[in-house]
Amino acid sequence: MRLSSLRFAVSLAWPGALLAGSVVVPNDAANAPGNVFALPPFVIPDEVTERYQQVYAAGQFAAMPPGGAYITWAFFRPHCTYNIGSCTLSNIQINLSTTIRAPDDLSATFAANVGVDDTVVFGPGSWGVGASGAPCPAGFEDGLLCEVPFYYDPARGNLLMDVRVRHPHALGHPVDNEFAHDGMNQMGDSISRVYAWDADATVATQVDSSGIITEFGYNPVPSLTVFRTNSAVAIRWPGLPLGFVLEWTDGLDPNARWQRYTNEIYPGYPGAIYQTATVPVASLGSRRFFRLVCESCRLPP
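Residues numbered from 1 in each chain as written. Predicted model: local features only at pLDDT ≥ 70, side-chain atom pairs only at ≥ 80, totals over all residues. Heavy atoms only, no water.

In this model, the second largest pocket occupies a volume close to 290 Å³. Lining the second largest pocket are 18 residues, with Trp237, Phe244, Val245, Pro270 and Gln275 sitting closest to its centre. Every element with two or more residues in the lining of the second largest pocket is listed here: β17 (232–238) and β18 (245–249). (1 Å grid on protein atoms, 1.4 Å probe; cavity = no way out; pocket = protein on both sides within 12 Å on 5 of 7 lines; lining within 4 Å. Points joined across faces, edges and corners; volume = space filled by probe spheres on them. Helix = DSSP H or I, 4+ residues; strand = E, 2+ residues; numbered from the N terminus.)

Laid out in structure tokens, this is it:
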């Protein structure tokens, strides 16, 4: 019996690209409060929709492995003072892309800031934000998993977050309840923003140096680990990035027929530290090959 732990599509790995991690932008706000409260992009009046873009300087992502990694989640933290209230954004979409525009140099024309690798990482869907009081600085409490991971290589440019909010509040009124996120407003730092109170706007009505403090989580290209028990072969892979599925085939000739593995995978919920498939040895035949595939993911450069 021969087993192979193939990586997905184009098999890539880099020295040092072994561990997941996270980074707070701006870096110097990781353990210190910002100097402003941030309402946009997630705390906005009920009667409006919104288009919002924020740029993050590539130099802030030095902790990433060489060649980059998949951004798999983002967290935002409540402001020290305005930290009571909640709401559900009933229709929000978040895109990420690599941009040539720098902090304090975003164009008022939204399209001019978007990179060629623009990817919808979340939504359109609902997402809740809020807090019930927190120490200062608060923890990064309002988080979301990227439904589609975004491969980001800081060597290729800065990072752009592009937010569209429609029919914003399904529940709660955070402006009335004195809730905001922690932000920074400083010329020459690593973030800035543009926005308009219209999700379909093409030109921003507000351009400034402010921005929301963000913690990004990243994960390397996932790979398979195969190990043998007495009667089965266990195949394990990281639970993040989301979107990767296990496939198998009995041969690697040009006409190989890859099939999705449909038996039980444990645990069954998304975002677990590891996913594991246990395959009885008796079902394997003389050989079987496995791989991870993510049809919606952008391949590393």
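Structure's up, so let's keep going.
Let us look at the pattern of salt bridges. Enumeration over the complete set of coordinates arrives at 10 salt bridges. Across the salt bridge formed by arginine 156 and aspartate 153, the nearest N and O atoms sit 3.8 Å from each other. Judged by its relative accessible area of 56%, arginine 156 is exposed. Between arginine 291 and glutamate 247 there is a salt bridge; the shortest N-O distance is 2.9 Å. In this pair, arginine 291 is assigned in strand β22 (residues 287–293) and glutamate 247 in strand β18, connecting sequence segments 44 residues apart. Residue class for arginine 291 comes out partly exposed when judged on its relative accessible area of 22%. Salt bridges here are not isolated pairs; linked through shared partners, they connect Arg51, Asp162 and Arg164. (Salt bridge = Lys/Arg side-chain N within 4 Å of Asp/Glu carboxyl O. Buried < 20%, exposed > 50% of the residue type's maximum accessible area, 1.4 Å probe, protein only.)

Here we take up the sheet that holds strand β5 (residues 69–76). With antiparallel pairing, 4 strands are arranged side by side in an open sheet as β2-β15-β5-β8. Of all strands in the sheet, those bounded by a partner on one side alone are β2 (21–25) and β8 (142–152). If you compare each strand with its neighbour and ignore which way they point, the axes differ by 25° on average. (Pairing = 2+ DSSP bridges. Axes fitted to C-alpha atoms, helices over the stretch in contact; angles between N-to-C directions.)

Residue placement: aspartate 198 occurs in the loop between β12 (191–196) and β13 (206–208). The spacing of aspartate 198 and threonine 49 is 149 residues in sequence and 4.9 Å in space, taken between C-alpha atoms. The residues touching aspartate 198, leaving out its near neighbours within four places in the chain, are Thr49, Glu50 and Arg51. Polar contacts involving the side chain of aspartate 198 include one to the main-chain amide nitrogen of aspartate 200, which spans 2.9 Å. (Contact = heavy atoms within 4.5 Å. Polar contact = N/O pair within 3.5 Å; in protein donor to acceptor, adjacent residues only side chain to side chain.)

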